Amino acid sequence: MPPPRESHVTTTTGDAGVSAPYGVTNSSSSSSPPHHRSNNSSSDSTLDVPIADGEKTSPTDSASSSDTEPEVEAVRVASRRTIPDANHYGPTTEKDPELELERSPSAATTIDFPEGGVTGWLVVFGSFCAMLSLYGLINSAAVFESYFSTHQLKDNSPSEIGWIFSLYLFIVFFVGVQVGPIFDRYGARLIVAMGCLLITLSLLLLSWCTEYYQIILTYSVMGGLGGALLNCPAYGSIAHFFNVRRGFATGIASTAGGIGGVIFPIVLRELLPTIGFNWSSRVLALIMLGLAIPANLFIKTRLPPAKGEKVQSVWPDFSVFKDARFACAALGVFFMEWGLFVPLTYIVSYAVDHGQDATESYLLLSYLNAGSVLGRVLPGILADKIGRFNVIIITIAICLITGLALWLPAGHSNSMLIVYAVLFGFGSGSNIGLVPVCLGQLCDHRKFGRLFSTAMMVASFGTLSSVPIGGALLSGSGWTAVILFSSISYAVALAFYTATRVLAVGWNPLTVF
């Protein structure tokens, strides 16, 4: 039997940002190929879609002159074959059922994005406040580690203390596997509210903790659950308003982690010697409560879920690992987390062990996070121009080089340690901020939550083990082993990210990806 004849009809994507299934309008014919916007100068763009015999079509294949009901029905039938398939991580067609990787900023080519506007930038501001609560605390972990090791938990080993921070990070990323699909289907409102509440309560209750198990339950478990609820909506909501400029917008929001990592250590440096740990924790809880207001007001979603889609499974979708590019990227995230959180957690203790005053050494963390602010903005801007994977490969290489060339031989040299903190902060600033936009190139935006959460699930096992491994190495072999562990982890991460890029676009270093 001969193959069915194909004719063509035209669909329209308007300023509302949603393609034909959610609002079909009449348009003139276009010669643009399927899945690509035409160069029409109007605000609308057209999609030319093949329709096989047997499907309901309009009486003619030429340009329409009126909004007749048969034609509207034909356009609806046609458009269903171009929207992102709800069962795949990327746009699909009948001719290409496999996962499709787009070299453009996003695979969601049938959706228009505001790329800013008042609402879009307010979403970025709300995400900034949420990330300030979450990553500001993560980037200040070295202050807590140093204080616990000399006060409440002075009789515990470095490895035991390390579990406090690794468990916190593990819960943040692992529970995100459950949060992602719920965010995809229901939006951000309730999730963000619960996350802000748990983070505030965790710091408030921490002020009364004196025992190891109490700190685990409040700081690690309760605070980790709050962070998990904030993490995915903070990144995912930006993906609803930005596409071409997504790297820049995400970079702006993710500067919050660096800014929090500058401010919180300075605040604790002033408060701990004067009002003590209890009231210092309560002050931090009050700050988190203030940040919760704009986070709850402004974080929102814009695009509806796929038509007729039910809530996805809360468990990770391991089928995405069939794509070698995604598998390599996920492993790259795992080893990058292994390398990242060791210096973030232990740099203050390293300075104290090498002769610096304990309170003054808190400033090292501020230097590191000050560098990371620039490391979040500038790479975000470059990522939209020269490619997101290209930029994250460069910044991971910076982290590797600074660890071996500056931290390893630093010893008692305070100036070398400061230079390392600033340069490592710049390199590592994009480690977290660019991950979601890199992974976003491998999926349809409607499935971003679950795919991102699946990758973070893999990364969570890296964060769970990295800090305790560093603590065990410190107890058994000293600081040299700790530094080499972090540096080797970055080397492996660099190899996996490079492999992802090669699998996607080949070896040409000039290719934007």
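No experiment lies behind these values; they were computed from the predicted model shown.

J.: How do you make sense of the overall build of the chain when you look at a structure like this?
T.: For the chain, the helix and strand inventory stands at 14 helices and two strands. Here the analysis covers contacts within the chain between residues at least 6 apart in sequence; of these, 82% occur between residues at least 24 apart. For the chain, the computed accessible surface area is about 19800 Å², with 65% contributed by carbon and sulfur atoms.

J.: Help me out: how do you make sense of the environment of Thr359 in this one?
T.: The residue Thr359 is located in the loop between α9 (324-353) and α10 (362-386) in this model. Assessed through its relative accessible area of 26%, Thr359 is described here as partly exposed. As for Thr359 and Ile266, which are separated by 93 residues in sequence, their C-alpha atoms are 9.6 Å apart. For Thr359, the contacting residues outside a window of four places in its chain are Arg269 and Pro273.

J.: Explain the nonpolar core to me, please; I cannot follow it from the model alone.
T.: Soluble globular proteins tend to bury their nonpolar side chains together. Of all hydrophobic cores here, the largest spans 126 residues; its most connected members are Phe144 and Phe148. When residues no more than four places from it in sequence are discounted, the contact partners of Phe144 are Leu137, Phe165, Leu206, Tyr219, Leu268, Phe277 and Leu284.

J.: Can you help me understand the pattern of salt bridges in this one?
T.: In total, this model carries two salt bridges according to the counting rule given. As a salt-bridge pair, Arg269 and Glu270 come within 3.1 Å of each other at their nearest N and O atoms. Classification of Arg269 as buried rests on a relative accessible area of 19%. We classify Glu270 as partly exposed; its relative accessible area is 46%. The residue Arg325 makes a salt bridge to Asp323 at a minimum N-O spacing of 3.0 Å. One exposure class covers both Arg325 and Asp323, and it is buried.

J.: Before we go on, may I ask you to explain the packing of aromatic side chains in this structure?
T.: Aromatic ring pairs are reported here in terms of the distance separating the ring centres and the angle at which the planes meet. According to the stated counting rule, one finds 25 aromatic pairs in the structure shown. Aromatic pair Phe334 and Trp338: ring centres 5.3 Å apart, planes at 45 degrees, arrangement tilted. Separated by four residues within a single helix, Phe334 and Trp338 lie in helix α9, roughly one turn from each other. Residue classification places Phe334 among the buried residues on the basis of a relative accessible area of 15%. When its relative accessible area of 18% is taken as the criterion, Trp338 is described as buried. On the numbers, 6.3 Å between centres and 75 degrees between planes, the contact of Tyr346 with Trp479 is edge-to-face. Of this pair, Tyr346 sits in helix α9 while Trp479 sits in helix α14 (residues 479-505), placing them 133 residues apart in sequence. Classification of Tyr346 by relative accessible area gives buried; the value is 1%. Pairwise contacts between aromatic rings join Phe144, Tyr147, Phe148, Phe165, Tyr168, Tyr219 and Phe277 into one cluster. Sitting over the face of the ring of Trp208, Arg282 holds its NZ or CZ atom 4.7 Å from the ring centroid. Its guanidinium or amino end placed over the ring of Trp279, Arg282 lies 4.6 Å from that ring's centre, counting from NZ or CZ.

J.: Would you mind going over the state of the cysteines with me for this structure?
T.: A covalent bond between the sulfur atoms of two cysteines is referred to as a disulfide. Counted under the stated rule, the structure contains zero disulfides. Of all cysteine sulfurs in the structure, the one in Cys196 sits closest to Cys129, which takes part in no disulfide; the separation is 9.1 Å. Overall, Cys129 belongs to the buried group, its relative accessible area being 4%.

J.: Any chance you could explain the packing of α9 against helix α12 (residues 414-440) here in plain terms?
T.: The description of two packed helices rests on the angle between their axes and on the distance between the axes. One way to put it is that α9 packs onto α12 with a least axis distance of 11 Å and a crossing angle of 150 degrees. Regarding the angle of α9 to α12, the classification is roughly antiparallel. When you trace α9 past α12, the crossing you get is left-handed. Contacts between α9 and α12 involve Phe326, Ala329, Val333, Met336, Leu340, Phe341, Pro343, Ile347, Tyr350 and Ala351 from the former and Leu417, Tyr420, Ala421, Phe424, Ser428, Asn431, Ile432, Val435 and Leu439 from the latter.

J.: Teacher, can you tell me more about helix α2 (residues 117-138) here?
T.: At 3.6 residues per turn, the α-helix brings residues three or four places apart onto the same side. Its 22 residues place the ends of α2 31 Å apart at the C-alpha level, agreeing with the 32 Å of an ideal helix rising 1.5 Å per residue. At Leu132, α2 is bent by approximately 35 degrees, the largest bend along its length. Taken across its 22 residues, α2 has 16 buried, putting it largely inside the fold.

J.: Before we go on, may I ask you to explain the packing of helix α5 (residues 176-186) against helix α7 (residues 212-236) in this structure?
T.: Across the interface, α5 lies against α7 with an axial gap of 9 Å and an inter-helix angle of 45 degrees. Considering the angle they form, α5 stands oblique to α7. The hand of the α5/α7 crossing is right-handed. For the pair α5 and α7, the contacting residues are Gly176, Val179, Gly180 and Phe183 in the first and Ala228, Leu229, Cys232, Pro233 and Gly236 in the second. Residues of the contact of α5 with α7, tallied by class, amount to six nonpolar, three polar and no charged.

J.: Help me understand a nonpolar patch on the surface in this model?
T.: Together, Leu190, Met194, Leu197, Leu201, Leu204, Leu205 and Trp208 line one region of the surface with nonpolar side chains, adding up to about 660 Å² of accessible area. Structurally, the position occupied by Leu205 is in helix α6 (residues 189-206).

J.: Is there a simple way to explain the environment of Tyr346 in this structure?
T.: On a C-alpha basis, the gap between Tyr346 and Glu145 in space is 7.6 Å, while along the polypeptide they are 201 residues apart. When residues no more than four places from it in sequence are discounted, the contact partners of Tyr346 are Glu145, Pro158, Gly162, Val467, Gly470, Gly471 and Trp479. A distance of 3.1 Å separates a polar side-chain atom of Tyr346 from the backbone oxygen of Val467.

J.: Looking at this model, I keep getting lost on the side chain of Ser237. Mind explaining?
T.: When you line up the elements, Ser237 lands in the loop between α7 and α8 (246-298). A relative accessible area of 0% means that Ser237 is categorised as buried. Polar contacts involving the side chain of Ser237 include one to the side chain of Ser127, which spans 3.3 Å. Setting aside chain neighbours within four positions, we find Ser237 in contact with Val123, Ser127, Phe183, Ile299 and Lys300.

What counts, and where the lines are drawn
- Residues numbered from 1 in each chain as written.
- Predicted model: local features only at pLDDT ≥ 70, side-chain atom pairs only at ≥ 80, totals over all residues.
- Heavy atoms only, no water.
- Helix = DSSP H or I, 4+ residues; strand = E, 2+ residues; numbered from the N terminus.
- Contact = heavy atoms within 4.5 Å.
- Areas by Shrake-Rupley, 256 points an atom, 1.4 Å probe, with all protein chains shown as cover.
- Buried < 20%, exposed > 50% of the residue type's maximum accessible area, 1.4 Å probe, protein only.
- Core = buried A, V, L, I, M, F, W, Y, C linked by side-chain atoms within 4.5 Å.
- Salt bridge = Lys/Arg side-chain N within 4 Å of Asp/Glu carboxyl O.
- Phe/Tyr/Trp six-rings, centres within 6.5 Å; stacked < 30°, edge-to-face > 60°.
- Lys NZ or Arg CZ within 6 Å of the ring centre and 35° of its normal.
- Disulfide = S-S within 2.5 Å.
- Axes fitted to C-alpha atoms, helices over the stretch in contact; angles between N-to-C directions.
- Parallel < 35°, antiparallel > 145°, perpendicular 65-115°, else oblique.
- Left-handed = near helix turned anticlockwise from the far one by under 90°.
- Expected span 1.5 Å × (residues − 1).
- Bend = angle between axes of the 7 residues up to and from the residue.
- Nonpolar A, V, L, I, M, F, W, Y, C, P; charged D, E, K, R; others polar.
- Patch = residues over 30% accessible without salt bridge, like charges linked within 9 Å, V, L, I, M, F, W, Y side chains within 5 Å.
- Polar contact = N/O pair within 3.5 Å; in protein donor to acceptor, adjacent residues only side chain to side chain.

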